[in-house]
Every structure is written in C-alpha cells, then in structure tokens.
Amino acid sequence: MYSPPECPFCGKIEGCSQDMETHVKTEHADLLDTPLEDCNQPLYDCPICGLICTNYHILQEHVDLHLEESSFGQGMDRVQCSRDLELAQQLQQEEDRKRRSEESRQEMEEFQKLQRQYGLNNSGGYKQQQLRNMELEVNRGRMHPSEFHRRKADMMESLAIGIDDEKTKTSGIMEALYRYYQNAATDVRRVWLSTVVDHFHSSFGDKGWGCGYRNFQMLLSSLLQNDAYDDCLKGMSVPCIPKIQSMIEDAWKEGFDPQGASQLNNRLQGTKAWIGACEVYTLLTSLRIKCRIIDFHKSTGPLGTHPRLFEWILSYYSSEREGSPKVVCTSKPPIYLQYQGHSQTVVGIEERKNRTLCLLVFDPGCPSREMQKLLKQDTEASSVKQLRKFVGNLKHKQYQIVAVEGVLSSEEKIARRQASQVFTAEKIP
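Quick caveat: nothing in here was measured; it's all calculated off a predicted structure.

**With respect to the overall build of the chain**
Then step 1. Counting its regular elements, the chain contains 13 helices and 13 strands.
Then step 2. Counting over 429 residues, the chain shows a buried share of 41%.
Then step 3. Considering only intrachain contacts with a sequence separation of at least 6, the fraction spanning at least 24 residues in the chain is 67%.
Then step 4. On the chain, roughly 24,100 Å² of surface is accessible, and the fraction owed to carbon and sulfur atoms is 50%.

Quick look at the structure:
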C-alpha cells in the first residue's frame, strides 16, 4: 500500500518524493550539511576540527564543547602531573632516607673501628687482656696451668705496687753497642750514643696498643740512671702500664692539656687507649722534666724523606763534631719518636764514612730474644742492623719527637701547664 512521504524535520506530508525533496531544501536548508547551491548563506569552519556549519550560533556551541573538553583534559593532566610529582617526591625521600641510614651505619662502623683501634671500646685494659691471652695460651697447650697461676700472681703484685715486673726488660745494650763500635763497624765514621737505656717490649697485656707506654718506660729508665734527674724523680721506679695511665690522668687533673684529656674522655685506666707524643710530654712536664715536642709535619727531602729530622737529632746529640772520638757516649737521654700507628725510642745516631746519617732505634715491638743477641761478647753486625734506620727508611708523612733537656723549676712547670691549655708543638720546617 502506498504511503506518502513525511518530512523528517517538521512532519509535513507531501504527495510525492519530488515535492518532499523541494520542501526539505526550501524549508530546512539550514539543517542540511550541504546548503542549496542557489542559497547565499555564509559557511562557518570550526577552527579546531574543521567542521563546516551554516549557523554561527551552532558553530559557537560546537567550539564551546571543544574548549570544555580541552579544559577537562588539562585538568586531568594537572591531576596526573600532581600525582607523578608526589610519587617522585616520595621516591626521592625514600632514597634520601636509605642513604642517610647507610651513611649513619658506616659512620658508626668507622667510629667503633677507631674505638677498637685506639682502645676506647670498653673492652677492658692491660689486666683483662693479659689474663685473656694467658688463658688462650693454656687452651692451646703453650702454657702450663701452673705457669698461668704463677704469672697471674706476679701480675697482680706488680699492679698492686704500680711497678713494672721487668719481664720484658733487657739491660746492658748501650754498653754492648759501645764495645761493638770501638772494635768493629768500619763503615761508621762516628757514632753518638745516649745515656744508658733499658729496652722494654710489649707483653700479653699490651700487645697491639702499648708502644707509647713502653717507649716512656725506656725513656724513664734512662732518666732514673742519670744523677741530673734525681731531684724530680726521687724514689721512683719504672712504673707498670696501668700506673703510667694513672700518672697521666693525675697530670690532666692538675690542668695539663685539657684538649688531649677531653679527646680520651679524661680516662686511661681500664682501657687500651693509645698514647702519643702529647701524653708523654704532658707526663714528663708534670714530673718537672724539661722537654720539647717538635713536629716534623712534612717531608723535607726527596721521595717523602725527612733529612731535617736526622739533622736535628744529630745536633741534639753532638756538640763538637770534629776532633772527637769515634764513639761518643753523650749525657743526653734517648728521644721519643712518634709516627702514625707506632712509636720508637732513638738511642743514638751514626755518621757513616760516606757522610750519610743513620738512627739507632729501640723498637718495643722487638722481643727480648732478639735484643739479647746484642749482648753477646762479639756482637754481630746483623744484630745491630735491626736497630738502624736510614733516611730512606723513614717515609711517613709526619714525625713527632719528645726530647728531654733538663729539669724545670716549680715556676717553669706552672708556666708550661698554663701554656698547655692550647697545646702547640714546634714545627719544622
């Protein structure tokens, strides 16, 4: 059955399709994508997507939709950017936290390592280490239990009276060196020797940290045998290491070197704390021993050597270099020599036939059995060789010495105590 066409825009019914087409083109041209060719209406292009509109208001609504979409998209982008930034900040904060935690852990490890190295980790002192190491010797079968108990009793007696038990002491070496240089050492032009010195080496109780104390014992052993120091050392014997620690603490309490005392927590007894040139100077000065601390703070020769150090020591021991005998037994005490990680005692200096200089050094790390080889009737050159330190052997960055020069009056001691409030060493060069 035939149905007449109906207009899709207004619903009007026409009799045939041709009439309907004319109606739509005439009445509804503004709604069509393509306007009539004979229509003079203007066309409007969307500046965003290029869509052609015949009505300006429709175009405006269309563009507004574009702008709303754009604004929404930008808002979403800003939200996303904000989330990304927040995440990045969280990741950075977590990274910073981990880094600080790792740095803190490393700092604590370094601090604990230094505490262990310098004996400040509350692991006990001389007595505890001596007992532990003797127990290990018993467990390993290298010491009989009866020997352990005998040594423990001797140690407790030594600690009670504050005097060294002399078990690591070797005497008579300076006299043996005098004989050796008189009768041998043809390559030596002249040698200057300090006053008599006893050698002390490390024991079970101070191995690994006691070199400063042992060198002080060597220096003091010389002063105790020198009449010039009778007045300020009257009645003294060579003290044991815990007694030396107590004596340094007493010097701090008197007011000597407050900065050094603070660095060691004002406490040495019951610890394995190292001591150096400053503590030795402080202790000697508190005993009214006149001394100098000199800092050879940088190399003065080729290849990191310290020829100025050797020249200073030669000047200390020698007064008249020419016209004196080959072996000169001076009235000068030995010199305390400190460098990074260790210290030694200088007991003399050689001038070789080729005019080079060589120090003679007692090392607390050298055991008695080696030092006693020097006491043989005919001392061998190989035994003396272990004492020799040529310029090329001393290549540490810095050396400090403590040299004794006499006795202080009470007034001079007070002045030096006051000067030690800000401790400074003489520097060469």
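On we go.
**Digging into the layout of surface pockets**
Then step 1. Volume-wise, the second largest pocket comes out at about 480 Å³.
Then step 2. In terms of lining, the second largest pocket is formed by 21 residues, of which the most central are R151, H201, S202, S203 and F204.
Then step 3. For the lining of the second largest pocket, the elements supplying multiple residues, two or more each, are α3 (126–139), α4 (145–161) and α11 (368–371).
Then step 4. Broken down by element, the lining of the second largest pocket gets its largest block of residues, three residues, from α3.
Then step 5. Its residues assigned to classes, the lining of the second largest pocket shows six nonpolar, eight polar and seven charged.

**Structural notes on the packing of aromatic side chains**
Then step 1. Considering all chains together, one arrives at six aromatic pairs under this definition.
Then step 2. An aromatic cluster is defined as three or more aromatic residues linked by ring pairs; in this entry it consists of W312, Y316 and Y317.
Then step 3. Against the face of Y316 rests K332, its NZ or CZ located 4.6 Å from the ring centre.

**A word on α4**
Then step 1. Compared with an ideal rise of 1.5 Å per residue, which puts 17 residues at 24 Å, α4 spans 25 Å between its outermost C-alpha atoms and is within 8% of the ideal.
Then step 2. F148, M155 and S158 are the residues of α4 that are buried. Looking down the long axis of α4, one finds its buried residues gathered within 95° of arc, a one-sided arrangement. In α4, the exposed residues that point more than 90 degrees away from the buried face are H149, E157, A160 and I161.
Then step 3. Taken together, the buried residues of α4 touch α3.
Then step 4. G162 sits one or two residues past α4 and shows a positive phi near 80°.

**Quick word on the confidence of the model for the chain**
Then step 1. Per-chain confidence: the chain averages 88 in pLDDT, with 89% of residues scoring 70 or above.
Then step 2. Between residues 34–39, whose pLDDT stays under 50, and residues either more than four places distant or in other chains, the model counts three contacts.

**Details of the packing of α3 against α4**
Then step 1. Running from N to C, α3 and α4 point in directions that differ by 170°, and their axes come no closer than 10 Å. Taken together, the axes of α3 and α4 are roughly antiparallel relative to one another. Listed contacts from α4 to Y126, K127, Q130, L131, M134, E135 and V138 of α3 are P145, F148, R151, K152, M155, M156 and L159.
Then step 2. A breakdown of the residues in the contact of α3 with α4 according to their chemical character gives nine nonpolar, one polar and four charged.

**Thoughts on the side chain of D295**
Then step 1. Inspection of the secondary structure assignment puts D295 in strand β6 (residues 289–296).
Then step 2. Among the polar contacts listed, one links the side chain of D295 to the side chain of Q398, at a separation of 2.8 Å.
Then step 3. A polar contact is formed between the side chain of D295 and the side chain of K427, at a distance of 3.2 Å.
Then step 4. Ignoring any residue separated from it by four or fewer positions in sequence, one finds D295 in contact with Q398, Y399, Q400, A425, E426, K427 and I428.

**Here's the deal with α3**
Then step 1. With 14 residues, α3 extends 20 Å from end C-alpha to end C-alpha; this agrees with the ideal 20 Å at 1.5 Å per step.
Then step 2. When we look at burial in α3, the residues that qualify are Y126, Q129, Q130, L131, M134 and E137.
Then step 3. Considering only its buried residues, α3 is in contact with α4, α6 (211–224) and α7 (241–254).
Then step 4. Where α3 terminates, the next one or two residues include G141, which has phi positive at roughly 80°.

**Things to note about the pattern of salt bridges**
Then step 1. Tallied over the entire structure, the rule returns 25 salt bridges.
Then step 2. Put simply, R150 and D154 hold a salt bridge, and the shortest N to O gap is 3.2 Å. In this pair, R150 and D154 are both assigned in helix α4, four residues apart and thus about one turn of the helix distant.
Then step 3. Residue classification places R150 among the partly exposed residues on the basis of a relative accessible area of 42%.
Then step 4. Residues D206 and R214 are paired through a salt bridge, measuring 2.8 Å at the closest nitrogen-oxygen approach.
Then step 5. The exposure class assigned to D206 is buried, which follows from its relative accessible area of 0%.
Then step 6. Salt bridges linked by common partners bring E147, R150, R151, D154 and K167 together as one network.

About the thresholds
Within each chain, residue numbers correspond to sequence positions counted from 1 in written order. At least 70 in pLDDT is required for a residue's local features to be given in this predicted model, at least 80 for side-chain atom pairs to be given and counted, and no such filter applies to totals for whole chains, interfaces and linings, which use all residues. Water and hydrogen atoms play no part in the side-chain values, which are based on all heavy atoms of the structure. Secondary structure elements follow DSSP: runs of H or I no shorter than four residues count as helices, runs of E no shorter than two count as strands, and numbering proceeds from the N terminus. Here's how the labels work: a residue is buried when its accessible area is under 20% of the maximum for its type, exposed when over 50%, partly exposed in between, all with a 1.4 Å probe on protein chains only. For this analysis, residues touch if any pair of their heavy atoms sits within 4.5 Å. Every accessible area reported is derived by Shrake-Rupley at a probe size of 1.4 Å, with residue values counting cover from the shown protein chains alone. Whether a set of points on the 1 Å grid over the protein atoms alone is a cavity depends on a 1.4 Å probe fitting there but being unable to get out, while an open set qualifies as a pocket with protein on both sides within 12 Å along at least five of seven lines; lining residues are those with an atom within 4 Å of a point. Grid points are joined across faces, edges and corners, and a volume is the space filled by probe spheres set on the points. Gly is put with the polar residues, along with every residue not named as nonpolar or charged; the nonpolar set is Ala, Val, Leu, Ile, Met, Phe, Trp, Tyr, Cys and Pro, and the charged set is Asp, Glu, Lys and Arg. Aromatic rings from Phe, Tyr and Trp, taking only the six-membered ring of Trp, are treated as a pair when their centres fall within 6.5 Å; an angle between ring planes under 30 degrees marks them as stacked, one over 60 as edge-to-face, and anything in between as tilted. In this scheme, Lys NZ or Arg CZ marks a charge over a ring once it lies within 6 Å of the ring centre and within 35 degrees of the ring normal. To estimate the expected span of a helix, subtract one from its residue number and multiply by 1.5 Å. By arc we mean the arc of the directions from the helix axis to the C-beta atoms, nothing more. Per-residue confidence from the predictor is given as pLDDT, running between 0 and 100. Angles here are taken between N-to-C directions and fall from 0 to 180 degrees, while the axes themselves are lines fitted to C-alpha atoms, restricted in helices to the stretch in contact. Throughout this description, any angle smaller than 35 degrees is read as roughly parallel, any larger than 145 degrees as roughly antiparallel, any in the 65 to 115 degree range as roughly perpendicular, and the remainder as oblique. Throughout this description, a polar contact denotes any pair of N or O atoms lying within 3.5 Å of each other; where both atoms belong to protein, one of them has to be capable of donating a hydrogen while the other can accept it, and for residues adjacent in sequence the pair is counted only when both atoms sit in side chains. Each reported salt bridge corresponds to a side-chain nitrogen of Lys or Arg within 4 Å of a carboxyl oxygen of Asp or Glu.

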